[in-house]
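# Chain and residue survey
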Amino acid sequence: MTETATMSISQLHELVEAIFRRAGLNAVQAVALTNVIVAGERDGCKSHGIYRIEGALRTVKAGKAKPDAIPAIAPQASSGIVTVQGNGGFANPAFELGVPLLAQSAHASGIAALVVNDVVHFSALWSEVEALTGQGLAAIVMCPSYAAVAPAGGSKPLLGTNPFAFGWPRGDKPPYVFDFATSMVARGEIELHRRAGKQLPEGWAIDAHGAPTTDPDEALAGAMLPFGGHKGSAIGTMIELLAGVMIGDLTSPEVLDYLGTTTLSPVHGELIIAMSPKAFSAGRPGDPFARAEALFDAIIGGGARLPSERRFIARAKSESEGITLASAELEQLSRLHDKGLDAVS
Ligand code: NDP
Ligand code: PYC
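Quantities reported herein were computed from a predicted structural model and do not represent experimental measurements. (Residues numbered from 1 in each chain as written. Chains lettered and ligands numbered in written order. Predicted model: local features only at pLDDT ≥ 70, side-chain atom pairs only at ≥ 80, totals over all residues. Heavy atoms only, no water.)

On to the overall build of the chain. Each helix and strand in the chain was counted, giving 13 helices and twelve strands. Taken along the three principal axes of its C-alpha coordinates, the chain extends 60 × 45 × 45 Å. When burial is assessed residue by residue, the chain has 50% of its 345 residues classed as buried. Taking the contacts inside the chain whose residues are at least 6 apart along the sequence as the reference set, 67% of them involve residues at least 24 apart. For the chain, the exposed surface amounts to about 15400 Å²; the carbon and sulfur share of it is 57%. If the 27 positive side-chain charges of the chain are averaged to one point and the 35 negative ones to another, these points end up 1 Å apart. (Helix = DSSP H or I, 4+ residues; strand = E, 2+ residues; numbered from the N terminus. Buried < 20%, exposed > 50% of the residue type's maximum accessible area, 1.4 Å probe, protein only. Contact = heavy atoms within 4.5 Å. Areas by Shrake-Rupley, 256 points an atom, 1.4 Å probe, with all protein chains shown as cover. Lys, Arg positive; Asp, Glu negative; His and termini not counted. Charge placed at Lys NZ, Arg CZ, Asp CG, Glu CD.)

Moving on: the domain arrangement of the chain. According to the domain assignment, the chain contains domain 1 (1-68 + 308-345) and domain 2 (72-183 + 226-306). The distance between the C-alpha centroids of domain 1 and domain 2 comes to 23 Å. On the side of domain 2, 25 residues touch domain 1, which itself brings 30 residues to the contact. Carbon and sulfur atoms make up 61% of the surface buried where domain 1 meets domain 2, a total of about 2300 Å² over both sides. Between Arg 315 and Glu 130 there is a salt bridge whose closest N-O contact spans 3.0 Å. (Domains from an automatic or database assignment. Buried area = accessible area lost by both parts, 1.4 Å probe. Salt bridge = Lys/Arg side-chain N within 4 Å of Asp/Glu carboxyl O.)

This brings us to the site of ligand 1. Taken together, 22 residues are adjacent to ligand 1, and Ser 123, Asp 179, Ala 181, Arg 305 and Ser 308 come closest. At 3.3 Å, a backbone N or O of Ala 186 approaches an oxygen atom of ligand 1. At a separation of 2.9 Å, an oxygen atom of ligand 1 approaches a polar side-chain atom of Arg 310. Across the complex, the protein chains shield 74% of the 930 Å² of accessible surface that ligand 1 would expose by itself. Of all the secondary-structure elements, those providing two or more residues to the shell around ligand 1 are strand 7 (176-180) and helix 12 (309-321). Class assignment for the residues of the shell around ligand 1 results in eleven nonpolar, six polar and five charged. There are two domains that each give the shell around ligand 1 at least three residues, and those are domain 1 (1-68 + 308-345) and domain 2 (72-183 + 226-306). (Near = heavy atom within 4 Å. Polar contact = N/O pair within 3.5 Å; in protein donor to acceptor, adjacent residues only side chain to side chain. Nonpolar A, V, L, I, M, F, W, Y, C, P; charged D, E, K, R; others polar.)

Right, let's get into the sheet that holds strand 10 (residues 223-224). The strand order across the open sheet built from three strands is 9-8-10, with neighbouring strands paired in antiparallel fashion. Edge strands, defined here as strands with exactly one partner in the open sheet, are strand 9 (212-213) and strand 10. Looking at chain direction, strand 8 (residues 205-206) and strand 10 are connected through two bridges and run antiparallel. Note on strand 10: the bridge partner recorded for Ile 206 is Ala 223. (Pairing = 2+ DSSP bridges.)

What follows concerns the site of ligand 2. The environment of ligand 2 is formed by His 48, Arg 52, Phe 122, Thr 161, Ala 186, Arg 187, Gly 188 and Pro 266. Contact distances for ligand 2 include 3.1 Å between a nitrogen atom and a side-chain N or O atom of His 48. With respect to ligand 2, the side chain of Arg 52 contributes an N or O atom lying 2.9 Å from an oxygen atom. Protein contact buries 91% of the 250 Å² of open area that ligand 2 shows by itself.

The following block contains the structure:
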């Protein structure tokens, strides 16, 4: 049986922040990265929890992420678009910097966008959506990654795993949030299967010759498949256009050209759109929040669960019982803590 140990959320936070500080990240970068990684572990999202620390450090060591970057709000080129220049650091501190202005602008005008440029992005998007639903706003977040997914009918990796997340505010209740890769699963899941020596379910990937495979190594060398065939493929392509081309940042094939590997965290931009349900429904009958609740009640009443429900249950458990990690994970954290960038190659 795997040995485990349990620590509180704040203990894990302290340890992860110390790892990033020891590796040379400034406080702005270290705190924002710690927030999102600990949130991933707390919510039972292993593919974007502590497992991501090593990749972030490898990216710093390779010179592709600036550990001392200070993000800055760029001069506003157009009303309704807030742009944050990440200056080569991670996306999370740049996002945190832009959110107050984005929320203010969305409440004032009904809709506003936040563009984040020149950042390293490896995190799950739901935490960014929740930063906006927590302020009474509906939100859409999307970004490319690196070319790892074959468009439907193709055999070569051209699209990223391109996640997109939507959220709707629910007052005191946890928000309605869904967040998924446009590939069958996040690439992190393939890597976790490889590390665990497990085969993949059928339909997730093809090998380098375009043949279906359930072998994680062959899948990583070949291509992942989009979810929903041509539908996921088209959404993934649109994310390349909106959150790559339209915001003047890298598309997934360009990210792969720049990095030359998928073992580092991808470098690109991100698009966040915030909307005020109150402003959009002004003058129309019915309260949008009450109408949304009627829909959620009907969904749940019919036997379905809302997306993120599993996450919110995991969160409540972590808050009351702490976070349980396997001893191998604790050893890895302790190695990263003691050796800093020397712990990664
Ligand atoms: P999943 O397939 O695990 O989950 C997708 C969403 O569907 C979640 O909101 C989940 O909620 C919900 N869901 C799952 N099962 C059900 C169900 N039966 N009924 C209702 N809702 C359900 O996600 P992916 O593997 O596609 O992506 C995982 C993460 O990886 C995402 O957070 C994404 O942002 C991240 N990612 C990040 C990338 C990056 O470049 N930064 C690239 C690709 C992915 P719940 O969590 O409650 O189960
Ligand atoms: O899991 O697909 C993924 C991923 C790519 C970049 C960050 N996460």
